[in-house]
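# Breakdown of the fold
So you can see what is in the structure, the chains are spelled out below.
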Amino acid sequence: MPDRPQDLGFTGGGTRYVSIAASAALSDSTAETILDSVTFAANELKAGDVIEVIAAGIATATTSSDTITGKIKLGATIISAVVGPDGTNGDAWQLHAFITIRTDGASGTLVATSTVVNGAIGTATAKQYILASTAVVTTGTLVLAHTGTWSAASASDSAPGATFIVKIHRPA
């Protein structure tokens, strides 16, 4: 995505991370697994920073009624989550979130809004979510992750993360 005019008013605005290949496929496990991630250094995030995240995945192979849950997490905080429909090969999920750091430091806070889409490509359903003010400690490293979790373990289930894009916008 090219820089948009509104990005140009930010210092340090623009792309922070882009996955250039699909992640390893998540298969035969019910453990939440990181599909892709980026780490923010201690004290890197400041009040007013906005983190924009796009994460997506596709169920390339499925069995019966197994579902996969895709999430965006900052540290242990779930920013956005979507449960995919019953297992259908080719179904996908996408999460697009904006995380605003309201206050930084040991007693920091964040808020977030996101749109999630899941289902058959071209006919998927979109929903919006808002995360109210939540504690975040910005004085230590923070991992922003795209995770996946299957509802049942099956060697026949496979779902790689397809996209993980992170932009950070800083006020001028």
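About the thresholds
- Residues numbered from 1 in each chain as written.
- Predicted model: local features only at pLDDT ≥ 70, side-chain atom pairs only at ≥ 80, totals over all residues.
- Heavy atoms only, no water.
- Salt bridge = Lys/Arg side-chain N within 4 Å of Asp/Glu carboxyl O.
- Helix = DSSP H or I, 4+ residues; strand = E, 2+ residues; numbered from the N terminus.
- Pairing = 2+ DSSP bridges.
- Axes fitted to C-alpha atoms, helices over the stretch in contact; angles between N-to-C directions.
- pLDDT = per-residue confidence, 0-100.
- Contact = heavy atoms within 4.5 Å.
- Core = buried A, V, L, I, M, F, W, Y, C linked by side-chain atoms within 4.5 Å.
- Buried < 20%, exposed > 50% of the residue type's maximum accessible area, 1.4 Å probe, protein only.

### A few points about the pattern of salt bridges
Side-chain pairs of opposite charge can arise whenever the charged atoms involved come near each other. Inspection of the entire model under this criterion finds four salt bridges. For K73, the salt bridge is made with E32, and the minimal N-O distance between the two is 3.1 Å. Remark: E32 occurs in the loop between β1 (14-18) and β2 (33-40) and K73 occurs in strand β4 (residues 68-74); sequence separation between them is 41 residues. By sharing partners, the salt bridges in this structure join E32, K71 and K73 into a single network.

### So, the sheet that holds strand β7 (residues 108-119)
Here six strands make up an open sheet; going across it, the order is β1-β10-β3-β6-β7-β8 and the pairing antiparallel. Edge positions in the open sheet fall to β1 and β8 (125-136), since each of these has one partner strand only. Sheet twist, expressed as the mean angle between neighbouring strand axes with direction ignored, is 15 degrees. Two strands pair when backbone bridges link them, and β1 and strand β10 (residues 161-169) are joined in this way by four bridges, in the antiparallel orientation. Its bridge partner being in β10, Y17 is matched across the sheet by V166.

### Details of the pairing of β10
Looking at chain direction, strand β3 (residues 50-58) and β10 are connected through eight bridges and run antiparallel. Paired with V50 across the bridge in β10 is H169.

### Here we look at the confidence of the model for the chain
Averaged over the chain, the pLDDT score is 88; the fraction of residues at 70 or greater is 91%. Predicted confidence is poor over residues 1-9, with pLDDT under 50, and the contacts of this stretch with residues over four places away or in other chains come to twelve contacts.

### Things to note about the nonpolar core
Grouped together as the largest cluster of nonpolar side chains are 30 residues, with contacts concentrated most on F40, I51, L74, I99 and L144. Elements that contribute at least two residues to this core include exactly β2, β3, β4, β5 (77-83), β6 (92-103), β7, β9 (142-150) and β10. It is β6 that contributes the most residues to this core, five residues altogether.

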